[in-house]
Amino acid sequence: MISAKEDVHKMSKFSVLNVVKKGQLFENKTLLKATFEICAMKHNFHYEVIKTDRQLWYVRCEDNECNWCVRAECLQDSEYFIIKKYVGEHTCAPSNKTKPGRTASATASAKTIAWDAREYAVNAVRGIPERSYGKIPKYLHMLREANPGTHSSYEIDSKGRFRYLFIAFGQSLRGFNRVIRRVIVVDGTFLKNKYKGVLLVATAVDGNSNLYPLPIGVVDSENENSCEWFMRQLNIVIADDHHLAFILDRHGTIAKALETVYPTAKHGICIHHLLNNVVTYYHGKGLVGLVAKASKVYRIAEFEKIFANVCNISPAIGKYLRDAEVQKWARCQFSGYRYDIRTTNPAESINSALRSPREYPIIPLLDSIREMLTRWFYNRKKKI
Ligand SMILES: [Zn+2]
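Predicted model, so just to flag it, every value in this text is computed and none were measured.

J.: Looking at this model, I keep getting lost on the packing of aromatic side chains. Mind explaining?
T.: In this description, a pair of aromatic rings is defined by centroid distance and the angle of the planes. One pass over the full model with this rule turns up eleven aromatic pairs. An angle of 85° between the planes, with centres 5.9 Å apart, marks the rings of tyrosine 47 and tryptophan 57 as edge-to-face. A residue pair is termed long-range when its members are at least 10 positions apart, and tyrosine 47 in strand β2 (residues 47-52) and tryptophan 57 in strand β3 (residues 56-61) qualify at ten residues. Clustering of aromatic rings is evident, with ring pairs tying together Phe36, Tyr47, Trp57, Trp68 and Tyr86. Stacked on the ring of tyrosine 58, the Lys or Arg arginine 71 has its end atom at 5.8 Å from the ring centre.

Encoded structure:
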């Protein structure tokens with residue numbers, strides 16, 4: 001199994017152009033087409049369909065001079081398509097593709113949809129209606145075509161500006177519903193482009209302590225409405241249930257949204273964040289260790305002994321911890337199945353795996369996440 005750390009390392013070397021190979025099989029033509037639609041959107045080019053029928057799918061870069069092409073043929077007596085020829089490198093002039101800072105000429109060009117252009121990030125996260133906008137629904141549509149069982153949702157405001165986006169991959173949901181321990185960690189992180197988007201990530205942990213990614217959302221900012229919207233979308237694919245547990249930070253709008261949308265599921269708070277706060281408020285020695293110990297013990301009697309000690313040393317911290325609701329942070333008091341997932345680390349690891357994609361505009365960001373998941377699932381399957 002790959003650890004999250006190793007994977008972060010590999011991440012940087014990964015490129016989508018290597019994903020498709022000659023000889024690769026696609027279950028059907030829809031899947032094949034969706035894969036290349038997504039590829040074209042992400043890499044900012046267009047292709048022309050030269051021939052398409054039941055036996056053949058042949059496309060070329062829109063630029064006549066360019067070598068990029070794909071030829072796929074249907075396998076006899078099946079729905080499967082196999083790639084017979086694939087030239088993945090473009091020889092068309094890069095100037096045809098929009099680069100940041102080339103806005104003026106870009107608008108004139110036919111290939112204006114600049115996925116890597118800074119202005120696109122403004123459009124996507126903050127929102128100036130532009131024609132590139134129309135690409136998000138199309139991207140989501142392709143994603144659903146290529147990944148059966150995928151749920152996605154996308155909202156714009158009355159002026160057509162980006163508000164919220166949600167994606168839950170079918171593969172990941174099926175796995176979660178079958179075999180994964182029902183503990184979900186939700187955490188938000190700022191997108192690093194200078195526009196105020198927030199990436200919300202839900203994560204589980206599989207039986208081998210590997211991260212198991214669940215749905216993601218992108219919202220214009222982390223507030224009550226956006227968090228509740230995210231939770232409601234999550235609720236469509238993962239139902240509220242008393243066997244389900246969530247681990248969150250102590251405070252924040254996510255916790256509030258959770259109370260509203262998942263009243264039955266058990267809510268835990270991240271012990272790591274709690275201890276950090278104890279350190280911030282109380283500078284005396286030994287207390288943090290005691291709180292950590294109290295959070296870990298399995299027996300209630302033992303917990304009460306340690307906690308009484310904590311309250312003795314600092315009544316203020318005792319009150320703080322009681323206000324944080326003991327059953328949310330102490331293992332022996334937790335009413336649901338929490339296993340040993342005590343922190344929001346899983347979500348943080350996903351965030352760090354996405355360190356560089358977080359600087360991307362929205363479609364490349366989403367697509368990097370999709371690629372990362374594909375790679376994780378593929379690598380893990382190989383090792384089974
Ligand atoms: Zn080309």
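J.: Any chance you could explain the coordination of the zinc ion here in plain terms?
T.: Around the zinc ion, the protein contributes the donor atoms Cys61 (SG), Cys66 (SG), His90 (ND1) and Cys92 (SG), at 2.1 to 2.4 Å from the metal centre. Considering all four donor atoms around the zinc ion, angles at the metal cover 101 to 116° and the coordination shape is tetrahedral. Accessibility expressed as a relative area gives 1% for cysteine 61, which makes it buried.

J.: When you look at the sheet that holds strand β7 (residues 162-168) in this model, what are you seeing that I'm missing?
T.: The strands that make up a sheet are held in pairs by hydrogen bonds between backbone atoms, and each pair lies either parallel or antiparallel. Strand order in this open sheet of seven strands is β6-β7-β10-β9-β8-β11-β12, and the pairing throughout is mixed. Both edges of this open sheet fall to β6 (151-156) and β12 (266-269), since each of them pairs with a single strand only. Each adjacent strand pair in this sheet contributes to an overall mean axis angle of 20°, direction not counted. In the sheet, strand β11 (residues 245-248) pairs with β12 via four bridges, with the strands oriented parallel. Residue phenylalanine 246 lies in a different strand from β12, and its bridge partner there is histidine 267. Packing of helix α6 (residues 170-179) onto the sheet brings it into contact with β7, β8 (183-190), β9 (198-205) and β10 (211-219), and relative to β10 it is tilted by some 130°. Those strands touched by helix α7 (residues 224-237) are β6, β7, β8, β9, β10 and β11, and its axis lies near 25° from that of β7.

What counts, and where the lines are drawn
Residues numbered from 1 in each chain as written. Predicted model: local features only at pLDDT ≥ 70, side-chain atom pairs only at ≥ 80, totals over all residues. Heavy atoms only, no water. Phe/Tyr/Trp six-rings, centres within 6.5 Å; stacked < 30°, edge-to-face > 60°. Helix = DSSP H or I, 4+ residues; strand = E, 2+ residues; numbered from the N terminus. Lys NZ or Arg CZ within 6 Å of the ring centre and 35° of its normal. Donors = N, O, S within 2.8 Å, 3.2 Å for Na, K, Ca; no water. Tetrahedral: all angles 85-135°; square planar, octahedral: opposite > 155°, others 65-115°. Buried < 20%, exposed > 50% of the residue type's maximum accessible area, 1.4 Å probe, protein only. Pairing = 2+ DSSP bridges. Axes fitted to C-alpha atoms, helices over the stretch in contact; angles between N-to-C directions. Contact = heavy atoms within 4.5 Å.

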